[in-house]
Amino acid sequence: MDKSEIQSKMTELLVEELGLDEDKITMESRFEEDLEVDSLGVVELLMALEDNFGVQIPDEEAEQLTTVGEAVDLVDSKING
């Protein structure tokens with residue numbers, strides 16, 4: 001799975017799981033500031049990412065994520081090494 005596919009699926013998850021407006025989601029979008037995702041929403045997203053991509057995201061790595069692009073990069077590194 002390449003990065004553009006991961007980004008597409010990430011956007012889909014943000015819309016489906018958290019009810020976000022697809023037009024507001026970019027690689028630069030910050031979860032809390034731009035998308036108004038609270039900490040519970042981030043946890044829900046992480047669980048959805050783990051389920052959908054078959055990856056494990058440790059808490060210490062999850063705490064570092066602030067943007068959609070960082071989350072895409074993390075999932076990409078988990079899948080593609």
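These figures come from a predicted structure and were not determined experimentally.

K.L.:
How would you explain the overall build of the chain if you had to name every residue and give the values?
P.N.:
For the chain, the count of helices and strands is 4 helices and 0 strands. Walking the chain from its N terminus toward its C terminus, one meets helices and strands in the order α-α-α-α. Since a compact globule built from 81 residues should have a radius of gyration of about 12 Å, the 11 Å found for the chain is in line with a globular shape. Once the C-alpha set of the chain is aligned to its principal axes, its extents read approximately 30 × 25 × 20 Å. Counting across all 81 residues of the chain, residues that qualify as buried make up 37%. In the chain, 60% of the contacts between residues at least 6 apart in sequence involve partners at least 24 apart. If you sum the accessible surface of the chain, you get close to 4,900 Å²; carbon and sulfur atoms cover 42% of it. Seen as two clouds, the 5 positive and the 24 negative side-chain charges of the chain have centres 3 Å apart.

K.L.:
So what's going on with a nonpolar patch on the surface? Which residues, and what values?
P.N.:
There is a patch of nonpolar side chains on the surface, built from Leu40, Val43 and Met47 and spanning about 290 Å² of accessible area. Of note, leucine 40 is situated in helix H2 (residues 39–53). Overall, the relative accessible area of 53% leaves leucine 40 in the exposed class.

K.L.:
Account for the packing of helix H1 (residues 3–18) against H2, naming residues and giving values.
P.N.:
Angle between the axes and distance between the axes: these two values describe a pair of packed helices. Interhelical geometry of H1 versus H2 gives an angle of 130° and a closest axis separation of 10 Å. On the basis of the axis angle, H1 is oblique to H2. Classified by chirality, the crossing of H2 by H1 is right-handed. Each of Ile6, Lys9, Met10, Leu13, Leu14, Glu17 and Leu18 in H1 lies in contact with H2, whose residues at this interface are Gly41, Glu44, Leu45, Ala48, Leu49, Asn52 and Phe53. Each residue belonging to the contact of H1 with H2 can be placed in one class, and the counts come to 9 nonpolar, 2 polar and 3 charged.

The rules behind these values
- Residues numbered from 1 in each chain as written.
- Predicted model: local features only at pLDDT ≥ 70, side-chain atom pairs only at ≥ 80, totals over all residues.
- Heavy atoms only, no water.
- Helix = DSSP H or I, 4+ residues; strand = E, 2+ residues; numbered from the N terminus.
- Rg over C-alpha atoms; globule rule 2.2 N^0.38 Å.
- Buried < 20%, exposed > 50% of the residue type's maximum accessible area, 1.4 Å probe, protein only.
- Contact = heavy atoms within 4.5 Å.
- Areas by Shrake-Rupley, 256 points an atom, 1.4 Å probe, with all protein chains shown as cover.
- Lys, Arg positive; Asp, Glu negative; His and termini not counted.
- Charge placed at Lys NZ, Arg CZ, Asp CG, Glu CD.
- Patch = residues over 30% accessible without salt bridge, like charges linked within 9 Å, V, L, I, M, F, W, Y side chains within 5 Å.
- Salt bridge = Lys/Arg side-chain N within 4 Å of Asp/Glu carboxyl O.
- Axes fitted to C-alpha atoms, helices over the stretch in contact; angles between N-to-C directions.
- Parallel < 35°, antiparallel > 145°, perpendicular 65-115°, else oblique.
- Left-handed = near helix turned anticlockwise from the far one by under 90°.
- Nonpolar A, V, L, I, M, F, W, Y, C, P; charged D, E, K, R; others polar.

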